[in-house]
Amino acid sequence: MSIIVETEGDSVSIEDALPIREISRLTGVNTVTLRAWERRYGLLIPQRTSKGHRLYSRSDIDRVREIQVWLGRGLAIGKVKALLADEQRGDFVPEIDSIWLQLSQQIQMTITAFNRNQLERLIEETFSLYPVPMIADYLLLPLIAELQGEEPGRPVRRGFFAAVLLEYIQAAQCRQRQAAQGAKILMVSATPDEDSLLPQILNYGLLVNQYQAEFLGYLNAKESLLAAEALTAKIVVIIGSETVNTSELQLHLNLLRERSATAVVLAGNVARVVRALAPEFSSVAYACDSQQQVLTTINQLLKG
């Protein structure tokens, strides 16, 4: 017989309920973010066990995914509840002032002022309220692109921002790694001179999804194969935004295809290069244009 938990809302069978870590795994939204959506905005109202543990229903998963759709369109998290509650809205899509553009402008102001304390608060607040892959795709990738170039002052602003952000990401990875119990994933850079910032952010996103992700920087084809075998990795992610050596990349993919059953996911410029120059690898390497797509592809591969 199912145990029923009663609250002010609907009752839910514990057999059908999901703990917060499971809803985090299924949606890719950090448990810290789910709690913030509940406490600060009332977007989720989980059931509670007698010991106070949160339990979520399948409808909560649907609600989280609907929230993610609106965040992807640029709606600020603080405005989502009113929009979802508007039963008269129908198919009407309101005009949205992009929260991602607003956050980018705020961050750039703190970078220009070299205000570390304010930048740290902005980064922490953003990562507590929004899913990691969305932050990467809609905020950080465009922001990092804007900071490129060698005009006076730009390299130092870029370096300052990267240092503060990487410090936060590495600490967040350490915390999240303790809860990661899922499949093992190896991530490597496509080139020796690849900046580690975007790979580290993707690695953190994988950890949030409960995957045991390891980013080892640049490895050549043979070392990558050895690492995948040593870690018993289910998937190898090759990421690169710099100019890619296509011959070396083809060697890398050939070796993995011939000597390993591990699936390969390509991210960044590597994905574009393979599509354009080596379409024959499309059956063994999954090219992804965004960090959100990387996570979706990995979820699908491991589910299958």
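This one's a predicted model, so the numbers in the text were calculated from it and none came from an experiment.

Peer 1: Outline the overall build of the protein chain, supporting the account with residue identities and numerical values.
Peer 2: On a plain count of helices and strands, the protein chain comes out with 13 helices and 9 strands. When contacts within the protein chain are restricted to residue pairs at least 6 apart in sequence, long-range pairs at least 24 apart make up 69% of them. Of the accessible surface of the protein chain, which amounts to about 15,400 Å², a share of 50% is contributed by carbon and sulfur atoms.

Peer 1: Lay out the pairing of strand β5 (residues 184–189) in plain terms, naming residues and giving numbers.
Peer 2: For β5, a buried count of 5 out of 6 residues is recorded, marking the element as mostly surrounded by other parts of the structure. Handedness of the crossover joining β5 and strand β6 (residues 212–218) through helix α9 (residues 197–208) is recorded here as right-handed.

Peer 1: Give me the lowdown on unusual backbone geometry, citing residues and values where you can.
Peer 2: With a phi angle near 50°, Phe114 is a residue other than glycine that sits in the positive phi range. Tracing the chain through its elements places Phe114 in the loop between α5 (99–112) and α6 (116–129). Judged by relative accessible area, which is 39%, Phe114 ranks as partly exposed. For Gln210, which is not a glycine, the phi torsion comes out positive at approximately 75°. Relative to the elements of secondary structure, Gln210 occurs in the loop between α9 and β6. Judged by its relative accessible area of 8%, Gln210 falls in the buried class.

Peer 1: How would you explain the nonpolar core if you had to name every residue and give the values?
Peer 2: Formed by 54 residues in total, the largest nonpolar core has its most connected members in Trp37, Ile77, Phe127, Tyr130, Phe161, Leu165 and Ile201. In this structure, Phe161 is in contact with Ile107, Ile111, Leu119, Leu140, Leu143, Ile144 and Leu147, ignoring residues within four places of it in sequence.

Peer 1: Just give me the short version of the environment of Ala227, but keep the residues and values in it.
Peer 2: Tracing the sequence through the fold places Ala227 in helix α10 (residues 221–231). Those residues in contact with Ala227 that sit more than four places away from it in its chain are Leu186, Leu216 and Leu219.

Peer 1: Describe the environment of Gln176, listing the residues and the values that go with them.
Peer 2: Within the element layout of this structure, Gln176 appears in helix α8 (residues 154–177). The spatial distance from the C-alpha of Gln176 to the C-alpha of Leu207 is 6.1 Å, given a sequence separation of 31 residues. Setting aside its immediate chain neighbours within four residues, Gln176 contacts Asn30, Tyr204, Leu207, Val208 and Gln210.

Peer 1: Requested: an account of the pattern of salt bridges, with residues and values cited.
Peer 2: Per the stated rule, a full pass over the model turns up 10 salt bridges. A salt bridge links Glu120 to Arg116; the shortest N-O distance between them is 2.9 Å. Here Arg116 and Glu120 lie together in helix α6, a separation of 4 residues that amounts to about one turn. For Glu120, a relative accessible area of 30% corresponds to the partly exposed category. Here Asp289 makes a salt bridge to Arg275, at a shortest N to O gap of 2.8 Å. With a gap of 14 residues between them, Asp289 in the loop between β9 (285–288) and α13 (291–303) and Arg275 in helix α12 (residues 269–277) connect regions that are remote in the sequence. By relative accessible area, Arg275 is classed as partly exposed at 40%. The network of salt bridges with shared partners includes Glu38, Arg48 and Arg54.

Here is what the cut-offs are and how they apply
Residues numbered from 1 in each chain as written. Predicted model: local features only at pLDDT ≥ 70, side-chain atom pairs only at ≥ 80, totals over all residues. Heavy atoms only, no water. Helix = DSSP H or I, 4+ residues; strand = E, 2+ residues; numbered from the N terminus. Contact = heavy atoms within 4.5 Å. Areas by Shrake-Rupley, 256 points an atom, 1.4 Å probe, with all protein chains shown as cover. Buried < 20%, exposed > 50% of the residue type's maximum accessible area, 1.4 Å probe, protein only. Right-handed = clockwise from strand over helix to strand, strands pointing away. Core = buried A, V, L, I, M, F, W, Y, C linked by side-chain atoms within 4.5 Å. Salt bridge = Lys/Arg side-chain N within 4 Å of Asp/Glu carboxyl O.

It is worth stressing that arrangement in space is one thing and function is another; only the former is reported here.
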